[in-house]
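Here is what each chain is made of, one letter per residue.
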Amino acid sequence: MAWIRVVGEGEASGELREAYARVKDARGKISQIMAVHSLHPKAMLAHLDLYLAIMFAPSGLTREEREAVAVAVSAANGCAYCVAHHAEALKHYWKDEARVDAVIRDPRAVDLPPRLRAMVDYALKLTKEPKAMGREDIAALKSQGLTDEEILSLNLVVSYFNFVNRVALGLGVEPEEQELKGYKY
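First, a word on scope: everything that follows refers to the structure included in this document. Just so it is clear, the structure is predicted and the values come from calculations on it, not from any experiment.

### Section: the pattern of salt bridges
What the rule picks out here adds up to 11 salt bridges. Glu 150 is paired through a salt bridge with Arg 115; the nearest N and O atoms lie 3.5 Å apart. Residue Glu 150 is found in helix α9 (residues 148-171), and its partner Arg 115 is found in helix α7 (residues 114-128); the two are separated by 35 residues along the sequence. When the shortest N-O distance is used, the salt bridge between Asp 148 and Lys 142 registers 2.9 Å. Residues participating in the shared-partner salt-bridge network are Glu 65, Arg 115 and Glu 150.

### Details of the environment of Ser 13
Structurally, Ser 13 can be placed in the segment before α1 (14-27). You can call Ser 13 exposed: its relative accessible area is 53%. Sequence-wise, Ser 13 and Lys 131 are 118 residues apart; in three dimensions their C-alpha atoms are separated by 44 Å.

### Some words on the side chain of Ser 74
By the secondary structure assignment, Ser 74 is in helix α4 (residues 63-77). Ser 74 gets classed as buried once you look at its relative accessible area, which sits at 0%. Within the local environment of Ser 74, its side chain forms a polar contact with the side chain of Asn 165, the two groups lying 3.1 Å apart. Excluding residues within four positions of it along the chain, Ser 74 makes contact with Cys 79, Cys 82, Val 83, Phe 161 and Asn 165.

### Quick word on the packing of helix α8 (residues 135-142) against α9
The N-to-C vectors of α8 and α9 enclose an angle of 120°; their axes lie 10 Å apart at closest approach. Considering how the two elements wind past one another, α8 and α9 form a crossing that is right-handed. Residue-level inspection shows Ile 138, Leu 141 and Lys 142 of α8 in contact with α9, the latter providing Asp 148, Ile 151 and Leu 154. Each residue belonging to the contact of α8 with α9 can be placed in one class, and the counts come to 4 nonpolar, no polar and 2 charged.

### Some words on a nonpolar patch on the surface
A contiguous nonpolar surface patch, about 330 Å² in accessible area, is contributed by Trp 3, Ile 4 and Leu 39. By relative accessible area, which is 62% here, Trp 3 ends up exposed.

### Comments concerning the packing of aromatic side chains
Evaluated as defined, the whole model comprises 4 aromatic pairs. Seen in terms of ring centroids, Tyr 51 and Tyr 160 are 5.7 Å apart; in terms of plane orientation they differ by 45°. Their pairing is tilted. Taken as a pair, Tyr 51 in helix α3 (residues 41-55) and Tyr 160 in helix α9 lie far apart in primary sequence, 109 residues in all. Among the residues examined, Tyr 160 registers a relative accessible area of 4% and is labelled buried. Arranged with centres 6.2 Å apart and planes meeting at 55°, the rings of Tyr 160 and Phe 163 form a pair that is tilted. Placement of both Tyr 160 and Phe 163 in helix α9 is noted, with a separation of 3 residues, approximately one turn of the helix.

### Examining the nonpolar core
Ile 33, Val 69, Trp 94, Met 119, Leu 141, Leu 154 and Phe 161 are the most contacted members of the largest nonpolar core, which totals 56 residues. Of all the secondary structure elements, the ones that give two or more residues to this core are α1, α2 (32-35), α3, α4, α5 (80-94), α6 (97-105), α7 and α9. Examining the composition of this core, we find that 9 residues originate from one element, α9, more than from any other. What Trp 94 contacts, discounting residues up to four positions off in sequence, is Glu 64, Ala 68, Arg 99, Val 100, Val 103, Leu 112 and Leu 116.

Reading the values: rules and limits
- Residues numbered from 1 in each chain as written.
- Predicted model: local features only at pLDDT ≥ 70, side-chain atom pairs only at ≥ 80, totals over all residues.
- Heavy atoms only, no water.
- Salt bridge = Lys/Arg side-chain N within 4 Å of Asp/Glu carboxyl O.
- Helix = DSSP H or I, 4+ residues; strand = E, 2+ residues; numbered from the N terminus.
- Buried < 20%, exposed > 50% of the residue type's maximum accessible area, 1.4 Å probe, protein only.
- Polar contact = N/O pair within 3.5 Å; in protein donor to acceptor, adjacent residues only side chain to side chain.
- Contact = heavy atoms within 4.5 Å.
- Axes fitted to C-alpha atoms, helices over the stretch in contact; angles between N-to-C directions.
- Left-handed = near helix turned anticlockwise from the far one by under 90°.
- Nonpolar A, V, L, I, M, F, W, Y, C, P; charged D, E, K, R; others polar.
- Patch = residues over 30% accessible without salt bridge, like charges linked within 9 Å, V, L, I, M, F, W, Y side chains within 5 Å.
- Areas by Shrake-Rupley, 256 points an atom, 1.4 Å probe, with all protein chains shown as cover.
- Phe/Tyr/Trp six-rings, centres within 6.5 Å; stacked < 30°, edge-to-face > 60°.
- Core = buried A, V, L, I, M, F, W, Y, C linked by side-chain atoms within 4.5 Å.

Structure below.
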């Protein structure tokens, strides 16, 4: 339950009802992170479009890589809501709950393939020390074969999760068990 008023799907009319229908069509159901936008349906739809473009549109990054970065960033920010959601998605890809839990506890301590290690290291630095970013961080990604397009995609994933973590943390959006299942991956 959020700390602000949320208009539920059953109470929605007009523009909000249409926004909820679009979210449900795209994702299979209405998540709390979308519902918390109920007082601003245009922002809800812009958020949905951004999320779909960053996490689902064709990219040189795999969905697995994007979910691993999402979990690492969300864990670094202490966002239980996003950790719960994206850990569930990462389990779908990894089929290894213990490994996903290890990423949540300490992403730097998990044995990852070199490409994903470089991506997670970049994500954690950009999340925790954005002012310290430099050309060497991009060079480290390029040394693992990431192209400029992939680096942009990575940056957008990291930046999106820093944004959405703050929406969830700032408005009191918390995970509920029944919400975590049944999404389209």
